[in-house]
Amino acid sequence: MRAGRIDTVPGMDDQRGVSGSDPSVRSLRLLLVLADELHFGRAAKRLYLSQPAFSRQISRLEEQLGVELVERSTRRVRLTAAGEALLPRARALVEAADAFRDAVREQARAVAGRVTLGCYVTALPVITELVGRVRGRDPGLEVELREVDFVEQSAALLDGRVDAVLCYAPVPPGVQTLALAREPLTVCLRDDHPLAGRDTVSLAELAGVPVVGLAPGVHRAWRDFWAADPRPDGAAVPYTRHEAATFESSISAVSQGHGMRIVSAACRALFPRPGIAYVDVPDAPVCTAVLAWAEARRDDPGVRALRRAAEGLAAAGVPDPRWYVRTP
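Residues numbered from 1 in each chain as written. Predicted model: local features only at pLDDT ≥ 70, side-chain atom pairs only at ≥ 80, totals over all residues. Heavy atoms only, no water.

Draft legend 1. Main features of unusual backbone geometry. Here A169 and P170 are connected by a cis peptide whose omega angle stands at 5 degrees. Following the sequence through the fold, P170 ends up in the loop between β5 (164-168) and β6 (175-183). With omega at 5 degrees, the peptide bond leading from D229 into P230 counts as cis. If you trace the backbone, P230 turns up in the loop between α7 (220-225) and α8 (247-255). Residue L38 is not a glycine yet carries a positive backbone phi of 50 degrees. (Helix = DSSP H or I, 4+ residues; strand = E, 2+ residues; numbered from the N terminus.)

Given below as structure tokens:
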């Protein structure tokens, strides 16, 4: 396409023309997701939008471009010929915008000498030691801590909002990890639950107790691990209708008697709350606190500094988690 000339694509009405404003990168992202899903409801859910809002934004993009991109019917959704023809160019624009954004962020970090570490709240036990090691090895590097929730611990890492994340495994594809500490699991129950007064409880005894539901954007393998799903005996795991995205919101649901959460043993000391009880689950697998980073950014200077500090911490062994109850 040359400046001063608009190439026509199948389905474009020359009488309507194209509006004077360019489409936003966000609107093109919506189109790409819709092209992947070919379903307005599923596409909207992926982007945490309501279906009407998502549909309106696609319609607005069509009006802006002056061309129909999507054929809608009660039976199916598909791209028009114009939509198919424009899709590769939309994808190229979005990829170029992402590359530009990543380059800007990298330059900003290089200039500022800063690395951003996302922290999942129950990984607090190792934050002080890890950050202290980074500062000891690289005193000119500023470590910015940013709390992340169940969804963001993966999403913020993969889209570049943070350089690395201190969290619990498992992690999604495209992410590398270094194990820092391992802990047993406990179950968090309302304090008047019949099992709450026990010293220990087995996974079989928890059958039928619903697990507090997590937000749709939570990585599936992570959700399954922290629900012990599937159970060793193959029993189905029931979930509540909650969509918790934070530790606090999930244990708040527990305190109201809506279900249980399986959590790391450190939570007993770190997060005592009125109305809840922690009970050990000896036959549950251990959990692993990790430093995680995007595979593509493994050798970025800030990530490399965090990895070096984490390697030293892992070799030395993380002290008793109860020693670390606040961020530096």
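After that view of the structure, there is still more to cover.
Draft legend 2. Inspection of the nonpolar core at higher detail. One finds V187, L206, W222, F247, M260 and Y278 to be the most contacted residues of the largest nonpolar core, which totals 53 residues. Residues contacting W222, with those up to four places away along its chain left out, are Y120, F150, Q153, Y168, A169, P170 and L214. L28, A44, V67 and V94 belong to the second-largest nonpolar core, a separate cluster that totals 23 residues. (Core = buried A, V, L, I, M, F, W, Y, C linked by side-chain atoms within 4.5 Å. Buried < 20%, exposed > 50% of the residue type's maximum accessible area, 1.4 Å probe, protein only. Contact = heavy atoms within 4.5 Å.)

Draft legend 3. Looking closely at the sheet that holds strand β7 (residues 185-190). Pairing in this open sheet of three strands is antiparallel, and the strands run β8-β7-β9 from one edge to the other. Both edges of this open sheet fall to β8 (261-264) and β9 (276-280), since each of them pairs with a single strand only. Direction aside, neighbouring strands of the sheet carry axes that sit 35 degrees apart on average. The pairing of β7 with β8 spans four bridges and is classified as antiparallel. Following the sheet pairing, L185 is matched in β8 by S264. (Pairing = 2+ DSSP bridges. Axes fitted to C-alpha atoms, helices over the stretch in contact; angles between N-to-C directions.)

Draft legend 4. Representation of helix α10 (residues 301-316). Between the first and last C-alpha of α10 there are 23 Å, a value that for 16 residues agrees with the 22 Å anticipated at 1.5 Å per step. Among the residues making up α10, those that are buried are G302, V303, A305, L306, R307, A309, A310 and L313. Summarising the contacts, the buried residues of α10 are in contact with β3 (114-120), α5 (127-137), β5, β6 and β10 (287-294). (Expected span 1.5 Å × (residues − 1).)

Draft legend 5. Structural detail: the packing of aromatic side chains. Summed over all chains, the structure comprises six aromatic pairs. Ring centres of W222 and W226 lie 5.8 Å apart, and the angle between their planes is 40 degrees; on these two criteria the pair is classed as tilted. Neither residue differs from the other here; W222 and W226 are each classed as buried. Considering the side-chain rings of F247 and F271, the 4.9 Å spacing of their centres and the 50 degrees angle between planes classify their relative orientation as tilted. Residue F247 is located in helix α8, and its partner F271 is located in the loop between α9 (267-270) and β9; the two are separated by 24 residues in the primary sequence. Residue F247 is classed as buried on the basis of its relative accessible area of 3%. We classify F271 as buried; its relative accessible area is 6%. Through pairs of rings, three or more aromatic residues link up here, namely F150, Y168, W222, F225 and W226. The lysine or arginine in question, R223, covers the ring of Y239, its NZ or CZ lying 4.5 Å from the ring centre. (Phe/Tyr/Trp six-rings, centres within 6.5 Å; stacked < 30°, edge-to-face > 60°. Lys NZ or Arg CZ within 6 Å of the ring centre and 35° of its normal.)

Draft legend 6. Local environment of the packing of α5 against α10. Axis separation between α5 and α10 bottoms out at 9 Å; the angle between their running directions is 120 degrees. It follows that α5 is oblique to α10 by the angle criterion. When the axes of α5 and α10 are compared, the crossing they make is right-handed. Where α5 approaches α10, its residues E129, L130, R133, V134 and R137 are matched on the opposing element by A305, L306, R308, A309, A310, G312, L313 and A316. In terms of residue class, the contact of α5 with α10 is built from eight nonpolar, one polar and four charged. (Parallel < 35°, antiparallel > 145°, perpendicular 65-115°, else oblique. Left-handed = near helix turned anticlockwise from the far one by under 90°. Nonpolar A, V, L, I, M, F, W, Y, C, P; charged D, E, K, R; others polar.)

Draft legend 7. Seen up close, the layout of surface pockets. Taken as a whole, the largest pocket encloses approximately 1,100 Å³ of empty space. Surrounding the largest pocket, 27 residues form its lining, R46, L47, Y48, A155 and D159 being those nearest its centre. Going through the elements one at a time, α1 (25-37), α2 (40-46), α4 (81-112) and α6 (152-158) are the ones with two or more residues in the lining of the largest pocket. With six residues, the top contributor of residues to the lining of the largest pocket is α1. Class assignment of the residues belonging to the lining of the largest pocket gives a composition of twelve nonpolar, three polar and twelve charged. (1 Å grid on protein atoms, 1.4 Å probe; cavity = no way out; pocket = protein on both sides within 12 Å on 5 of 7 lines; lining within 4 Å. Points joined across faces, edges and corners; volume = space filled by probe spheres on them.)

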